[in-house]
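# Working through the structure, step by step
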Amino acid sequence: MTTKHSKNIADYILPLNMNGLSGRMLKLPSSNKNRNREILLLYGSHASIERMYGVVENLSQYGNVTLPDLPGFGGMEPFYKIGEKPDVDTLADYLAAFIKLRYKNRRFSIISFSLSFAVTTRMLQKYPEIAKKVDHLISAVGFVDKDDLRIKRRNYIMLYITAWVFKFRLPALFFRHVILNPTLIRFAYKIGGGRVNHPKYKGMSQEEYENLLEFEIKLWHVNEVRTYMYTALEVMNMRLPRTHVDLAVHHISVDVDRYFDNASVEQHMRLIYKDFSMSKADISAHVPTVVATAEEAAPLIPPAVRALLRKKS
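How each quantity is defined
- Residues numbered from 1 in each chain as written.
- Predicted model: local features only at pLDDT ≥ 70, side-chain atom pairs only at ≥ 80, totals over all residues.
- Heavy atoms only, no water.
- Helix = DSSP H or I, 4+ residues; strand = E, 2+ residues; numbered from the N terminus.
- Buried < 20%, exposed > 50% of the residue type's maximum accessible area, 1.4 Å probe, protein only.
- Contact = heavy atoms within 4.5 Å.
- Areas by Shrake-Rupley, 256 points an atom, 1.4 Å probe, with all protein chains shown as cover.
- Phe/Tyr/Trp six-rings, centres within 6.5 Å; stacked < 30°, edge-to-face > 60°.
- Lys NZ or Arg CZ within 6 Å of the ring centre and 35° of its normal.
- 1 Å grid on protein atoms, 1.4 Å probe; cavity = no way out; pocket = protein on both sides within 12 Å on 5 of 7 lines; lining within 4 Å.
- Points joined across faces, edges and corners; volume = space filled by probe spheres on them.
- Nonpolar A, V, L, I, M, F, W, Y, C, P; charged D, E, K, R; others polar.
- Salt bridge = Lys/Arg side-chain N within 4 Å of Asp/Glu carboxyl O.
- Polar contact = N/O pair within 3.5 Å; in protein donor to acceptor, adjacent residues only side chain to side chain.
- pLDDT = per-residue confidence, 0-100.
- Core = buried A, V, L, I, M, F, W, Y, C linked by side-chain atoms within 4.5 Å.
- Axes fitted to C-alpha atoms, helices over the stretch in contact; angles between N-to-C directions.
- Parallel < 35°, antiparallel > 145°, perpendicular 65-115°, else oblique.
- Left-handed = near helix turned anticlockwise from the far one by under 90°.
- Arc of directions from axis to C-beta.
- Patch = residues over 30% accessible without salt bridge, like charges linked within 9 Å, V, L, I, M, F, W, Y side chains within 5 Å.

## Some words on the overall build of the protein chain
The number of helices and strands found in the protein chain is 13 helices and eight strands. When the 313 residues of the protein chain are sorted by exposure, 53% land in the buried category. In the protein chain, the share of contacts with a sequence separation of at least 24, taken over all contacts with a separation of at least 6, comes to 81%. In the structure as shown, the protein chain presents an accessible area of about 14500 Å², 54% of it carried by carbon and sulfur atoms.

## A few points about the packing of aromatic side chains
Scanning the entire structure with this criterion turns up eight aromatic pairs. Relative to F168, the ring of W164 has its centre 5.1 Å away and its plane inclined at 80 degrees; by these criteria the two rings are edge-to-face. Positioned above the aromatic ring of Y103, the side-chain terminus of R102 is 5.3 Å from the ring centre. We note R226 situated over the ring of Y80; from NZ or CZ to the ring centre the distance is 3.8 Å.

## A look at empty space enclosed by the protein
The tally for this structure, following the rule as stated, stands at three cavities of 30 Å³ or more. Estimated volume of the largest cavity: approximately 80 Å³. If you go around the largest cavity, the residues you meet are L42, Y43, G44, S45, P68, L70, F73, L91, L115, S116 and V119. Element by element, the count of residues in the lining of the largest cavity is highest for helix 3 (residues 115–126), at three residues. For the lining of the largest cavity, the class distribution of residues is eight nonpolar, three polar and no charged.

## Considerations on the pattern of salt bridges
Applying the stated criterion to the full structure yields 16 salt bridges. A salt bridge links D89 to K126; the shortest N-O distance between them is 3.2 Å. Highlighted residues: D89 in helix 2 (residues 88–102) and K126 in helix 3, separated in sequence by 37 residues. A residue is classified by how much of its surface remains accessible, and D89, at 29% relative accessible area, is partly exposed. Salt bridges sharing common partners tie together D89, D93, R122 and K126.

## Re the environment of Q125
Structurally, the position occupied by Q125 is in helix 3. C-alpha separation for the pair Q125 and T243, spaced 118 residues apart in sequence, amounts to 6.1 Å. Once residues within four sequence positions are removed from consideration, Q125 is found in contact with L240, P241, R242, T243, V245 and I272. A polar contact is formed between the side chain of Q125 and the side chain of R122, at a distance of 3.1 Å.

## As for the confidence of the model for the protein chain
Averaged over all residues, the pLDDT of the protein chain is 89; the fraction at 70 or higher stands at 90%. Across the protein chain, the element-wise mean pLDDT spans from 59 in helix 8 (residues 194–197) up to 98 in helix 3.

## Details of the side chain of N262
The topology assignment puts N262 in helix 11 (residues 262–272). A polar contact is formed between the side chain of N262 and the backbone oxygen of V254, at a distance of 3.1 Å.

## Quick word on the nonpolar core
The biggest cluster of nonpolar side chains holds 92 residues, and the ones touching the most others in it are L41, M123, L124 and Y273. Ranked by residue count, the leading element in this core is helix 2, at eight residues. In this structure L124 touches I130, A131, V134, L137, V245, L247 and Y273, once residues within four positions along its chain are discounted.

## Considering the packing of helix 6 (residues 169–179) against helix 10 (residues 225–237)
Look at helix 6 against helix 10: their axes get within 9 Å of each other, and the N-to-C directions meet at 110 degrees. It follows that helix 6 is roughly perpendicular to helix 10 by the angle criterion. Crossing angle aside, the handedness with which helix 6 passes helix 10 is right-handed. Note on element contacts: helix 10 touches helix 6 through V225, R226 and M229, opposite R169, A172, F175 and R176.

## With respect to helix 13 (residues 303–310)
At 3.6 residues per turn, the α-helix brings residues three or four places apart onto the same side. Inspection of helix 13 places V305, R306, L308 and L309 among the buried residues, and these make up the whole buried set. Looking down the long axis of helix 13, one finds its buried residues gathered within 155 degrees of arc, a one-sided arrangement.

## Some points on a nonpolar patch on the surface
Where nonpolar side chains cluster on the molecular surface, the patch consists of I157, I161, W164, V165 and F168 and spans about 430 Å² of accessible area. With respect to the helices and strands, the residue I157 is situated in helix 5 (residues 153–166). We classify I157 as partly exposed; its relative accessible area is 37%.

This is the structure in structure tokens:
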């Protein structure tokens, strides 16, 4: 696996301080002087700026890309620090505040991955004035309802109990410092299928697998445990209001998504948004574990989405 980039990621990461919480924000200028679209990119719950850099670099051919941390994710301080819980509404309010600060009177497009699309949807429902400034809204394997999940009942119950227990402070400390020990993480991935049987890792060399596993360990460590568990419960209980959003949504799906049912996702998004269209990413899993370069990120963005982004605002 290559990890080389045409630009040095560290040069474009800035501090992000909002609402008493400190995190980071990646601001990558357009690589094409003829395209200055503003693109707001939001990652999902098991990610970081570093994980998404290949996507950012690939999207920069269409405009200026901004990728912020959200509280509790990517190493950013959690809402618990200021006495708040990381529910979808609180995250939506934070995102709205960020957009008002970052974009002010400028128009922009939004690309949201997984959980962040539910947060984006709730934000647009609560702040319709922001929706009026959005040129394109793109869901990257996103969802808006718990019925979109495709998890076996036994696994669902196990995950629900785990998330409920470890959303509390002391159990979360135990989880972070004992269960998330690198040796235990490696063992868990091995019994979960490893390089041979796990769909994320099929076809990889042993070296690639080891590199990716090291990055997985980093992801588990940078995302705050209580936030991760609380938002997992939010996902499993999610039923967003059917408040109309006067925007069309373009949904990026994958053929073999282990987490979401594409037909159910479409049904629920149509209940909220003005219009819906869908195209498939050329990948074999929900989202690749690590996207290291712009070239490796390319299959995530289907031709239909690229055509949208090429259009003049």
